[in-house]
Amino acid sequence: VAVRGRNVSVNGVAVPEGRPYLHNGISVTWLGDWVAVASGLGARVASDGRQAVTVTVGAELRGG
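Everything quoted here is computed from the prediction, not taken from an experiment.

Visitor: Quick rundown of the pairing of strand E6 (residues 34-39)? Include the residues and the values.
Guide: Bridging between strand E5 (residues 26-31) and E6 involves six bridges; their strand directions are antiparallel. Opposite Leu31, over in E6, you have Trp34 as the bridge partner. Where E5 folds back onto E6 in an antiparallel hairpin, the turn is made up of two residues, including Gly32, whose phi is positive at roughly 65°. For E6 and strand E7 (residues 43-47), the ladder comprises four bridges, and the chain directions are antiparallel. Paired with Val37 across the strands is Val45, a residue of E7. Where E6 hands over to E7, the hairpin turn is made up of three residues, of which Gly42 adopts a positive phi near 105°.

Calculation notes
Residues numbered from 1 in each chain as written. Predicted model: local features only at pLDDT ≥ 70, side-chain atom pairs only at ≥ 80, totals over all residues. Heavy atoms only, no water. Pairing = 2+ DSSP bridges. Helix = DSSP H or I, 4+ residues; strand = E, 2+ residues; numbered from the N terminus.

So, in structure tokens, the structure goes:
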């Protein structure tokens with residue numbers, strides 16, 4: 001997955017802005033000014049396309 005500003009691509013294929021994407025455990029959703037990418041492994045990254053980024057991981061990925 002590559003994200004540059006509001007341009008998102010998965011395996012080299014562009015994901016149109018505003019259109020949800022789900023394939024092979026990767027989802028891309030658009031939340032207002034934000035785009036979020038989540039994996040079936042429990043990690044989620046969201047960005048406003050400018051400077052803000054949030055990363056969320058499930059408890060099983062946080063370690064002991």
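Back to the write-up after that little detour.
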